[in-house]
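An overview of the molecular structure
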Amino acid sequence: MVTHEWMVKPMQQTEWIKGEGLLIWLAEVFSSLGTGLYLVSMFIGNWWGAAFGWAIIVLIKLPLHLIYLGKPVRFWRALPPFTGAWRTSWIARGFFFSTLFAGIGFLQLITSYLMLYQNGEMAGTTLTTVAGLDLILKILGGFTAIMTAIYCGFMMSFCKSVPFWNTGLLPIVIMNAGIADGLALLIGVGMWGGGVDIIMLESVTRILLLVNIILIGTYLLNSTYQSDTAKLSSKELLVGKNALLFWVGVVILGIAVPLIISLLGYRTGGVSHSLQIIAIVCHTMGAFALKYCILNVGIYKPLLAK
Amino acid sequence: MKWGMVIDISKCMRCHGCVAACRVEHFLPFSIAWVKLIAFETEERNVVDVTTYPVRCNQCADAPCVDVCPTEATYQRDDGIVAIDADKCIGCRYCVVACPYQNRTFFSKKRNVNYFPKHPETRFEKMGNVLYPHQTGTTQKCNFCMERIDDGLAKGLKPGIDKDATPACVNACQARALTFGDLDDPDSNVSKLIRDRKGTQIRAELGTDPSVYYIDSKIGQYYTSNKAPKEAQTGHYMPDKSSVENRAKEIFSKKT
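These lines cover the structure that appears in this document, whether it is placed above or below. (Residues numbered from 1 in each chain as written. Chains lettered and ligands numbered in written order. Predicted model: local features only at pLDDT ≥ 70, side-chain atom pairs only at ≥ 80, totals over all residues. Heavy atoms only, no water.)

1. Some thoughts on the environment of A:Ile261
Residue and element names in this part refer to chain A. Examined against the element boundaries, Ile-261 turns out to sit in helix α8 (residues 243-268). Sequence separation between Ile-261 and Leu-185 is 76 residues, and the spatial gap between their C-alpha atoms is 15 Å. Those residues in contact with Ile-261 that sit more than four places away from it in its chain are Val-271, Leu-275, Ile-278 and Ala-279. (Helix = DSSP H or I, 4+ residues; strand = E, 2+ residues; numbered from the N terminus. Contact = heavy atoms within 4.5 Å.)

2. Overview of the side chain of B:Asn58
Position of B:Asn58 relative to the elements: it lies in the loop between β3 (47-55) and α2 (64-68). Among all residues touching B:Asn58, those that are not within four sequence positions of it are B:Tyr101, B:Asn103, B:Pro210, B:Ser211 and B:Val212.

3. Thoughts on helix α7 (residues 228-238) of chain A
All names here are of chain A. Restricting attention to buried positions, one finds in α7 the residues Thr-229, Ala-230, Ser-233, Ser-234 and Leu-237. Taken end-on, α7 shows its buried residues confined to a sector of 145°, consistent with a single buried face. Projecting away from the buried face of α7 at angles above 90 degrees are the exposed residues Asp-228 and Lys-235. At its buried positions, α7 is contacted by α6 (198-226), α8, α9 (273-296) and β2 (299-300). (Buried < 20%, exposed > 50% of the residue type's maximum accessible area, 1.4 Å probe, protein only. Arc of directions from axis to C-beta.)

4. Concerning the interface of chain A and chain B
Counting from both sides, the interface comprises 41 residues of chain A and, opposite them, 43 residues of chain B. Considering only the side of chain A, the residues that lose the most area to chain B are A:Trp6, A:Leu303 and A:Leu304, jointly responsible for 18% of the buried surface there. Remark: the boundary between chain A and chain B carries two salt bridges. A salt bridge links A:Lys301 to B:Glu205; its shortest N-O distance comes to 3.6 Å. Inspection of the chain A/chain B interface yields 21 residue pairs in polar contact (both at pLDDT 80 or more). Among the elements that line the side of chain A that touches chain B, the one with the most residues is helix α3 (residues 90-117) of chain A, at four residues. (Buried area = accessible area lost by both parts, 1.4 Å probe. Salt bridge = Lys/Arg side-chain N within 4 Å of Asp/Glu carboxyl O. Polar contact = N/O pair within 3.5 Å; in protein donor to acceptor, adjacent residues only side chain to side chain.)

5. Structural notes on the nonpolar core
Grouped together as the largest cluster of nonpolar side chains are 138 residues, with contacts concentrated most on A:Trp16, A:Trp165, A:Leu303, B:Met5, B:Tyr94 and B:Phe144. Excluding its chain neighbours within four sequence positions, the residues that come into contact with B:Tyr94 are A:Trp16, A:Ser89, A:Trp90, A:Ile91, A:Phe154, A:Met155, A:Phe158, A:Cys159 and B:Val68. Core analysis: the next-biggest nonpolar cluster, separate from the first, contains six residues, B:Val6, B:Leu183, B:Val190 and B:Tyr213 among them. (Core = buried A, V, L, I, M, F, W, Y, C linked by side-chain atoms within 4.5 Å.)

6. Looking at the sheet that holds strand β9 (residues 212-215) of chain B
Residue and element names in this part refer to chain B. With respect to topology, three strands assemble into an open sheet ordered β8-β1-β9, the strand pairing being mixed. Looking at strand neighbours, the two that pair on one side only are β8 (178-182) and β9, the edges of this open sheet. Each neighbouring strand pair of the sheet contributes to a mean axis angle of 25°, computed without reference to strand direction. In this sheet, β8 lies alongside strand β1 (residues 3-8) in antiparallel orientation, the contact comprising five bridges. Bridge pairing in β8 links Trp-3 to Asp-182. Against the sheet, helix α7 (residues 189-196) makes contact with β1, β8 and β9, and its axis sits at roughly 115° relative to β8, the strand it touches most. (Pairing = 2+ DSSP bridges. Axes fitted to C-alpha atoms, helices over the stretch in contact; angles between N-to-C directions.)

See below:
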């Protein structure tokens with residue numbers, strides 16, 4: 001970058017996508033996948049799905065975030081009561097809710113496990129206590145999972161520096177995509193471990209994929225008249241360097257293929273396991289591609305207006 | 001009291017004195033520059049002009065970096081200066097991304113290279129390690145030489161007037177393009193310049209309220225003077241004055 005280009009021309013953000021920044025991309029993807037899987041599994045009462053979701057957050061997402069930090073050992077400084085930054089900082093809120101989710105989710109998995117697999121061995125009052133505790137932990141776990149899922153979107157949308165991200169639609173796009181990804185993963189968990197109504201999950205996935213199309217379309221359309229820089233980001237995504245990844249990764253693999261397979265299942269009353277696996281793999285690849293595209297086309301607004 | 005700076009674009013002659021002074025004052029590592037000069041190209045009737053803008057942290061009144069910092073390592077002082085407590089910074093780089101002016105730099109291990117690679121540290125670097133240590137894995141930016149200001153005030157000096165209490169870049173500017181002072185004082189040198197010469201802020205529409213103002217520039221709604229004077233535009237000035245330019249022409253004309 002020479003002096004004639006630095007912040008004079010639109011400049012791509014690199015901190016969160018190039019080099020070490022790839023860790024942020026991966027962390028955000030696993031954040032969506034993990035919380036989506038946990039939320040959907042908890043909602044339909046699938047213990048293994050919830051356990052996988054929790055494990056993705058605790059064993060993959062959080063370590064990726066920690067590795068990315070310049071001073072990982074100081075991570076505790078971002079947590080209350082050592083900081084009051086949660087009042088304004090979405091990353092502080094993210095740290096807080098992710099840590100809470102790790103603790104509450106773990107306790108909720110224990111109570112749910114006891115309720116599902118050990119309830120025959122518990123006496124009446126103990127069973128009532130555990131059931132009550134499980135309900136409370138499910139509510140708290142669900143809330144912290146939602147906050148963990150959504151904070152990445154808010155963290156990005158807060159940045160005035162990148163007009164493409166600076167919109168209230170972004171957290172909703174990310175949240176919805178995360179839940180759809182979680183559903184896809186849960187179908188996989190159901191195929192492996194059973195205990196899941198796959199036809200019901202597929203019909204919900206169909207709806208969410210359609211909502212995804214509308215949300216992503218609205219987001220991109222909105223960016224074309226939001227500002228010149230946001231419009232440039234959209235162009236980069238639709239016809240620029242990232243177009244191949246967007247159209248193949250997000251649109252075809254992430255949305256079209258799972259939707260077609262799901263519609264096929266709707267018409268024929270169910271699809272083969274191999275097709276379902278293809279749908280799940282494509283959906284997950286789409287999740288990776290969507291986050292990469294959004295982060296990679298983040299362009300800073302130039303300092304000087306021509 | 002709110003410290004601010006006024007930069008007269010028409011006076012800046014792109015000498016990089018401010019960049020060098022800042023480097024010396026804070027013992028900046030090789031790959032870090034708190035002050036930068038950016039070149040803005042304009043074209044009018046096929047004539048291309050370059051105007052230089054010295055940029056540094058704008059010490060915004062409503063600073064996004066302060067809001068986003070998860071550890072409160074970035075904080076705002078009562079005098080408006082936005083500073084970083086490196087001991088609290090965890091290196092999440094959210095402030096780097098969130099700064100609309102991109103005036104923050106993450107000091108990574110990769111950036112921590114000697115001034116002369118593969119050679120021992122210079123005396124300057126050794127002194128810096130003791131007097132002004134920079135932590136890798138944290139974020140860096142201009143702090144309006146707050147140490148100088150604080151020391152100067154303690155001695156009863158007036159920042160912007162007395163050199164010992166004024167930022168190093170302002171002292172070093174030989175063209176006197178930089179002026180420092182109290183924005184809250186209507187009679188201060190900076191307030192007068194902003195008022196009389198219609199000072200503008202970069203990207204004022206973002207609502208960050210920067211404390212660095214520009215005069216005689218094209219930024220914002222004012223079009224008082226588009227270009228720096230010819231002397232400040234090396235593109236125009238150097239070909240006639242520089243012997244290096246003629247020598248370069250000789251060499252390149254032979255090759256082509």
